[in-house]
Each structure stands twice: as structure tokens, then as C-alpha cells.
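This is what each chain is made of:
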Amino acid sequence: MIYLDNNSTTAVAPEVAEAMEPYLADGRYGNPSSPYRFGQEAAAALTQARQQVARLIGANPEMEREVIFTSCASESITSVFRSAVRLFPERKRLVVSAVEHAITLNLCEELETELDYRVTRVPVDGSGHLDIEALETALNDKDDPPALASIMWANNETGVIFPVQRISELCRGAGVPLHCDAVQAVGKLPVNVSALPGISYLSLSGHKMHAPKGIGALYISRRSRYKPLLPGSQQSNRRAGTENMASIVGFGKAAEMAVDGLKSGKMERVAELRDELEKGILQNIRDTEIIGGAKGAERIPNTAKVLIYGAEAEGLLMMLDQAGINVSTGSACTTGSLGPSHVLTAMGLSEKEAKSCLRLSLSRFTTREEIYEVLEILPGLVERMRALFAGAAK
Ligand code: PLP
């Protein structure tokens, strides 16, 4: 199998599985809240994992309260929104980009319908770039100040990176707390929250970076207030629930490996392979285009979003599956829904174009041979798909 759907989820790294093993099978089942030594050993492992994650995002590893573990990034994001609602009850507006992940947009819709919130969805252009002027205007409405802005670092479908530094400055200047969904950026790009004082909260997810599914984290800046979604004594009173120790230790190990990977140039290698893949597709398959790949545009190194005119992407995905190649048509969370991707329509693609896009996302485990094999197989499948599609349209 060739796996090119790493923005959806990643393989657990062998070193991560090895680090987790004692917490699953080897009797290290202590509860980190227990005062005796068996529990305190677990507490020490929890602290170490927290420090590993803190280092990955440039938070202070000694500040216990700055990084908490959650069950997933969706929980981290939800907790930030629910916290903002309770901290600023007089502010009934939210600012997000039009291309946020489904969890963020779902939360906005829920708050609109249940609590009469107003939501400003800041548009993007055809290359996926955020309209910074529109963001600035949205943040600075003195008659209707927002309780929270939530803007992602990098888009999961296109890989396009937003100018986080500028966004952080604008939010700070406007006095609006900023949450950054950094799920697709962390581990792929250097992330340093210490240099971004406008970021109050940042969400990340283990399973996008070779840790298991069902573990996430939330950074809460020491300058920001926070009301927990699950009130309780664990994790500096910021998240109740006995900690998922095996996954937390795995996440810590994955974070440490991501730091090493960034230092040793592993992501540059991934970018080279992605660029080769894109070049090969553009050369070998007529009428194709890279979405978000405009010259000078910044993207995360592992993502290729390809528009293949005249081919129906869902069908192509099934054909590729039969050939042993896993790709995606969009975000895994919206796969199965019939509508076109909200990210692509926000970028101005027609419904037909949006349904002709494949996302291929690599990881540090992707090999050059795999990329060559995809380049061998894909053109023939596209031609078959186009013929079928044209036939069906007649
Ligand atoms: N945000 C982005 C940008 C994502 O890509 C994802 C997962 O696809 C999420 C949030 C949700 O992450 P999790 O699966 O950990 O809840």
C-alpha cells in the first residue's frame, strides 16, 4: 500500500509505539494524581511529555499550566470557544476564516443558532490567501467587539499557510484573543509561540504527527484567561479526567522526534518529494493545476492539492484504492458528505472543479519509489476516469 493521506492521519512511529508499550502492557498503569511512588512515576512521565510538546511549539517547558493534554484537537478547539463564551458574555461575535476546519465552523454555527452569536467569516482569494484587510476590519469593530478570533496556521486541504505573525499582531492590537488551529503546521514547520504574543491559544493533534489517535493538546498563553471545558483537579485544574498516559507519553515522544526531524532537514526532503510529485503530475497529465501553489505562495511541505479537469475525484480515489494507493478528496471529516469542499468553493472554484480535486499528503516515511509508482499509475487512471466521466455526461 502507498499511503498519501497523511493530513488525514499518520502512521504511529515505531519509536512512539515502543515508548507507549510500558504504559499499556508492562504494568506502568499508575495514576499521576496518586501520591505514592507508583503514581508519582506516572506524574513524572506526564511532565516529561508536556515538556516535549512545549519544546515543539516554543512554549516554556517549565510552565505547567501552558500546555494541557486533551482527547483530540477538536476538543482543544471546542474548549477554547466555550471558554471565550463564558469569559466574555457581553461580546457576542466571533471572527474566523472561511476555510477553517469543520470543527471550528460547526462550533460557529452552533453558537449562531443556539446563542445568537454573530460570526464574521473572513474570505480568502483564489490562491487561498487570507484577506488581511477584511480581518483587520472585522477585529476592530468597536461597536461589536469579538470575543475570540480563530484562524488556522495552515489549511488541511490545500496546505496554504496563513501569515500568523501578522494575524497575531492584528489580534493583539485589537485586544481580541486569538486561537490558532495549528494541527497541520506543528511538526511540519517551526512553530514558536514565544515569538507570537498575540496567540492566546493554540491547538494541536497527536495523530497528525505519528502519535496515536485520540490525543491532542492545547497551549494556553500565561497571559490569557481560560475556563476549562471539563472542570477538575487534573492538569493544573484545567482539564478533568484521569490522563491517557500511554497516548500522552507517545505524543511526547512524537513531539521530540518532530523537533529532531525539523532540525535534521526531514521536512525539506518531504518538500522535495512533494515538488517532484507535483511536477510529474503537471507534466504527465494534461489539464491539471496545483491548488494554492501560485508562485511565491507558502505551503506546508507535505501537501499537494491537484485539480484534474474532467475527472471525478471520488471515482478516481476508488480506482487508486484498487491500485493500492490511498489519497483523499478533501478533509477526512467531510468525506462522505455530498457537497463540494467549503475550502475550495471559498477559493472560487466551481462545484464541478471542487469535485475534481485530489489531495496527496506525504510524511517523512514516504519514499521516492512510492512517488515514482504513483506517477506511473495515476495518468492511466485519470484517462480512464475522464473517458468514463465524458461518457456519463453524454
Ligand atoms: N484542525 C485541522 C486543521 C485538522 O486537519 C484536523 C483533523 O483533520 C482537526 C482540526 C481535528 O483534529 P482531531 O482529529 O485531533 O480532532
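Shown above is the structure to which this text applies.
Residues numbered from 1 in each chain as written. Predicted model: local features only at pLDDT ≥ 70, side-chain atom pairs only at ≥ 80, totals over all residues. Heavy atoms only, no water.

Engineer: Describe in detail the pattern of salt bridges, supporting the description with residues and values.
Structural biologist: For the structure on display, the rule yields 20 salt bridges. A salt bridge links R274 to E278, with the nearest nitrogen and oxygen atoms 4.0 Å apart. Of this pair, R274 and E278 both sit in helix α9 (residues 266-284), separated by four residues, roughly a single helical turn. The exposure class assigned to R274 is buried, which follows from its relative accessible area of 6%. In this structure E278 comes out as buried when scored by relative accessible area, which is 7%. Three or more residues joined by partner-sharing salt bridges are found here, namely R274, D275, E278 and R299. (Salt bridge = Lys/Arg side-chain N within 4 Å of Asp/Glu carboxyl O. Helix = DSSP H or I, 4+ residues; strand = E, 2+ residues; numbered from the N terminus. Buried < 20%, exposed > 50% of the residue type's maximum accessible area, 1.4 Å probe, protein only.)

Engineer: Please give an account of the site of the ligand that cites residues and values.
Structural biologist: Around the ligand sit 13 residues in total, of which S74, D181, Q184, S205 and K208 are the nearest. Interatomic distance of 2.8 Å between a side-chain N/O atom of Q184 and an oxygen atom of the ligand. Surface burial for the ligand is 92%, taken as the share of its 400 Å² of free accessible area covered by protein chains. The element contributing the most residues to the shell around the ligand is helix α3 (residues 73-87), with three residues. Grouping the constituent residues of the shell around the ligand by class yields five nonpolar, six polar and two charged. (Near = heavy atom within 4 Å. Polar contact = N/O pair within 3.5 Å; in protein donor to acceptor, adjacent residues only side chain to side chain. Areas by Shrake-Rupley, 256 points an atom, 1.4 Å probe, with all protein chains shown as cover. Nonpolar A, V, L, I, M, F, W, Y, C, P; charged D, E, K, R; others polar.)

Engineer: Please set out the pairing of strand β7 (residues 199-205) residue by residue, giving values where relevant.
Structural biologist: Here β7 lies mainly inside the structure; seven of its seven residues are buried. Bridge count for strand β6 (residues 178-181) against β7 is four bridges, and the pairing is parallel. Following the sheet pairing, H179 is matched in β7 by Y201. Where β7 meets strand β8 (residues 216-220), five bridges bridge the pair, whose relative direction is antiparallel. Paired with S203 across the bridge in β8 is L218. (Pairing = 2+ DSSP bridges.)

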